[in-house]
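Now for the letters of each chain:
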Amino acid sequence: MIRLERDLAAKYGDALRPRISRGLHQLMEYWRTQDGDAATFEQFVTANFAGDQATLDTLFDRYQHLLEQLQGHMHEIQREFRQQADLDLGPMLPLDEVFAGYDPSAHVLDDFFDNKLAFVVLLNFPLTTLQQRLAEGPRWSRRQWAEARLAQLFDKRIPGEVNLAISQAIAQADHYIAEYNIWMYHVLDADGQRLFPPKLRLLSHWNLRDEIKADYADQKSGPAKQRVIQQVMERIVTQTIPQIVINNPQVDWNPFTNEVTPAAKKDSEAGSAARADNAREPSTRYAMLLKTYQAARKADPYSPTAPSLIARRFDEDREIPEARVKGMLEQVVSSPLVSVVAKLIQARLGRPLEPFDVWYDGFRPRSAHTEAELDALVAKRYPDSQAYQKDIPNLLMRLGFSPDRARFLADHIVVDPARGSGHAMGAEMRAEKAHLRTRVEKSGMNYKGFNIAVHEMGHNVEQTFSLNNVDSTLLKGVPNTAFTEALAFMFQGHDLELLGLGAPDAKSEAMKTLNDFWATYEISGVALVDMAVWHWMYDHPDATPDQLRDATLQIAKELWNRYYAPIFGKKDVVLLGVYSHMIDSFLYLPDYPIGHMIAHQIEEQMKKAGAIGPEFERMATMGRVTPDLWMENASGKPVGPDALLSATERALNIIQH
Ligand SMILES: [Zn+2]
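Each chain carries its own residue numbering, running from 1 in the written order of its sequence. In keeping with the model being predicted, local features are shown solely for residues with a pLDDT of at least 70 and side-chain atom pairs are shown and tallied solely at 80 or more, while totals for entire chains, interfaces and linings include all residues. The side-chain figures draw on all heavy atoms in the structure; neither hydrogens nor water molecules are used.

A. Molecular detail of the environment of Gln-193. Mapped onto the elements, Gln-193 comes out in the loop between strand S1 (181–183) and strand S2 (201–203). Throughout, exposure labels follow a simple rule: accessible area from a 1.4 Å probe, protein chains only, divided by the maximum for the residue type, with under 20% read as buried, over 50% as exposed, and the rest as partly exposed. Classification of Gln-193 as partly exposed rests on a relative accessible area of 46%. Along the primary structure Gln-193 and Phe-408 are separated by 215 residues, whereas in three dimensions their C-alpha atoms are 61 Å apart. Two residues qualify as a contact provided that any one of their heavy atoms is within 4.5 Å of a heavy atom in the partner residue. Apart from residues lying up to four places away in sequence, Gln-193 is in contact with Val-187 and Leu-188. Counting from the N terminus, the helices are the DSSP runs of H or I reaching at least four residues and the strands are the DSSP runs of E reaching at least two.

Here it is, written out as structure tokens:
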């Protein structure tokens, strides 16, 4: 090694010594016995080290171009393979599902290590840590940023069996979550009464939470239903839920006494159970979570720049240090605005708050138009997906894009009829177009479909600018999904104006802001639990499911007692631990509150700028740098909750006066 470094320095000049040394060290970190002996290593280095700027530039250009082709065409294949599944093209055959699930690029990374194309990159371009990207990134040239992103493509060499273990853990946890239904007709209230209609089957936690939200509209038995669901959720988190009641309409269950009996009434083919006991679910929830942790940990030794799942999530996926994210979340949950908004909710409900009110859903703007009016208007304008396609330039001009920008964007977006509710599929190379998948009924598009189409069009516009107008395809995209969502919601929020109707009034906007604030307060606590639980697992690698359950309960209660109990007047509530993402999504939950914060920062900046069009383009052509750098460029400030909090303060002034 030392000799090799000396020889190269002698050949190319001593000034290159730092780059030579860095390249050799990076190479050694990933080189394995199977890649060749010392002589092969030396030969490889001698042949592939770019010893002058012209060679390095050629290398960079070649990778930039060919990786764009690789990613672009792989994506094109996947889009074609998914066509039958994604589009409204008639029945699916079993083979269509296999095509849809096939990923032609699954082995690309392994191939690039096997044929050593990855090693050429590691020998010549710098691997960086998040700390470096944050500290030095603001002074980097665009080329330096592109080089950093190029090297990052090869910063992990995870063996196939580890990836397999991870995907098996995901599949198992997903399956557990997907089957976790509660048959509500069979869940009784504290007095043994049935409050819910037959056949209502709610998937934990999403449907349970959404039922709590929907029950605010039920003046009569809403609160009673909400109390039952809260009790069900607590049984799930504490794992005192009887195993037999999960996804089973054959038994009745009183979640307050925890008594289980054969179903006295029937709402399914299944009939009634012959016998029923209330043996608890044996901490399966936490066993699943532990398995995802154990699988994720297997990748740690192969990820030297981010050697834990926690580091990979924060340093690589989010690129915001964990400590800062924690600080941002704590700033929201401890904000003095919480108690002000809570008092407002209490006044609107006419009763003291209860823990389930963490999902309060009553800040709904009143609409000046009925859904039926809007449906008729939209159906007339868009009888089919081609009508929407034709209207894209017009819609974009209404959003403030110049006629030539609107034309350019429209030329890069293909509208397809979606099988589901709709989605946006960007391109991965400049020769390809973005696809807008939208749902059109036989009777024409309805308002809901239009609202979604406008959101997806926001994604497509972001995708088009951030692929075609960014100066390097290695920097294509935005820092993370929260950014593309924020930009898409920006479009969606203007859907009524696009229909030629008035913009929402100040009061409606204020209601929307309060809704965002309360949702961020709730999900920030959930995210803090998720983060603390992953730390606990890393600190206790040999924990049993019961120990993980106890630790999770303690973490959830402590957070509740600190930030929520003063608001809700009740201690030791475990509701913050109910999210299913906690079990199968590998520390994903912090993305939600960060997303709300980013959305408000972008919205504030758009308001300052006036027209959306030019500002959207300016933001979206920055490319995939760190979130803070992107946001500094977009709004003059790093990512944080200040925009959300000040919007909440303004909203409170509007609502209260
Ligand atoms: Zn979206």
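From this point, things continue past the structure.
B. How the structure looks around the side chain of Arg-312. Structurally, the position occupied by Arg-312 is in helix H14 (residues 309–318). A relative accessible area of 8% places Arg-312 in the buried class.

C. Spotlight on the packing of helix H16 (residues 337–349) against helix H23 (residues 506–539). Between N-to-C directions, angles span 0 to 180 degrees; the directions come from axes that are lines fitted to C-alpha atoms, helices contributing only their stretch in contact. Two numbers describe how H16 lies on H23: the axes approach to 11 Å, and their chain directions differ by 115 degrees. Comparing the axis directions of H16 and H23 gives the class roughly perpendicular. Handedness of the crossing formed by H16 with H23: left-handed. For the pair formed by H16 and H23, the contact residues are Leu-337, Val-338, Val-341, Ala-342, Leu-344, Ile-345 and Arg-348 on the first element and Met-511, Leu-514, Phe-517, Trp-518 and Tyr-521 on the second. The residue makeup of the contact of H16 with H23, split by class, is 11 nonpolar, no polar and 1 charged. When describing relative orientation, an angle under 35 degrees is termed roughly parallel and one over 145 degrees roughly antiparallel, while 65 to 115 degrees is termed roughly perpendicular and anything else oblique. Take the far helix as your reference; a near helix turned counterclockwise from it by less than a right angle gives a left-handed crossing, and one turned clockwise gives a right-handed crossing. Each residue is assigned to one of three groups, with Ala, Val, Leu, Ile, Met, Phe, Trp, Tyr, Cys and Pro labelled nonpolar, Asp, Glu, Lys and Arg labelled charged, and all others, Gly among them, labelled polar.

D. Fine view of the pattern of salt bridges. The term salt bridge refers to a pairing of a side-chain nitrogen on Lys or Arg with a carboxyl oxygen on Asp or Glu at a separation within 4 Å. The tally for this structure, following the rule as stated, stands at 40 salt bridges. Between Glu-354 and Arg-227 there is a salt bridge, with its nearest N and O atoms 2.7 Å apart. Here Glu-354, found in the loop between H16 and helix H17 (371–381), pairs with Arg-227, found in helix H12 (residues 222–238); they are 127 residues apart in sequence, far enough to count as distant. Residue class for Glu-354 comes out buried when judged on its relative accessible area of 19%. By relative accessible area, Arg-227 is classed as partly exposed at 36%. Of the charged contacts, one joins Lys-607 and Glu-509 as a salt bridge, the two residues approaching to 3.2 Å between their closest N and O atoms. Remark: Glu-509 occurs in helix H23 and Lys-607 occurs in helix H27 (residues 591–609); sequence separation between them is 98 residues. Via salt bridges that share partners, Arg-82, Asp-86, Asp-416 and Arg-437 belong to a single interconnected network.

E. Spatial organisation of H27. Expected helix span is computed as 1.5 Å times (number of residues minus one). Over its 19 residues, H27 extends 27 Å from the first C-alpha to the last, a length consistent with the 27 Å expected when each residue adds 1.5 Å. Every buried residue of H27 is accounted for by Pro-593, Ile-594, Gly-595, Met-597, Ile-598, Ala-599, His-600, Gln-601, Ile-602, Gln-605 and Met-606. Looking at the residues trailing H27, positive phi occurs at Gly-610, about 90 degrees.

F. Region of interest: the coordination of the zinc ion. The donor set covers N, O and S atoms within 2.8 Å of the metal, switching to 3.2 Å for Na, K and Ca, and it leaves out water, so a site may look short of donors. The coordination sphere of the zinc ion, as far as protein atoms go, consists of His-455 (NE2), His-459 (NE2), Glu-485 (OE) and Glu-485 (OE), spread over 2.1 to 2.6 Å. In this structure, the zinc ion is surrounded by 4 donor atoms whose angles at the metal cover 52 to 144 degrees, and the resulting shape is irregular. Classification of His-455 as buried rests on a relative accessible area of 7%. Since its relative accessible area comes to 6%, His-459 is described here as buried. A four-donor site is called tetrahedral if each angle lies between 85 and 135 degrees; a four-donor site is square planar, and a six-donor site octahedral, when trans pairs exceed 155 degrees and the remaining angles lie between 65 and 115; all other cases are labelled irregular.

G. Expanded view of the packing of aromatic side chains. Between rings of Phe, Tyr and Trp, where Trp is taken as its six-membered ring, a pair exists when centres lie within 6.5 Å; planes separated by under 30 degrees are stacked, by over 60 edge-to-face, and by other angles tilted. With the rule as written, the count across this model stands at 33 aromatic pairs. Ring geometry for Tyr-216 versus Tyr-360: centroids 5.2 Å apart, planes at 80 degrees, classification edge-to-face. With Tyr-216 in the loop between helix H11 (206–214) and H12 and Tyr-360 in the loop between H16 and H17, this pair connects stretches of sequence that are 144 residues apart. Tyr-360 gets classed as buried once you look at its relative accessible area, which sits at 7%. Both rings, one in Tyr-293 and one in Tyr-538, keep their centres 5.1 Å apart while their planes meet at 80 degrees; by these two values the pair is edge-to-face. In this pair, Tyr-293 sits in helix H13 (residues 284–297) while Tyr-538 sits in helix H23, placing the two residues 245 residues apart along the sequence.

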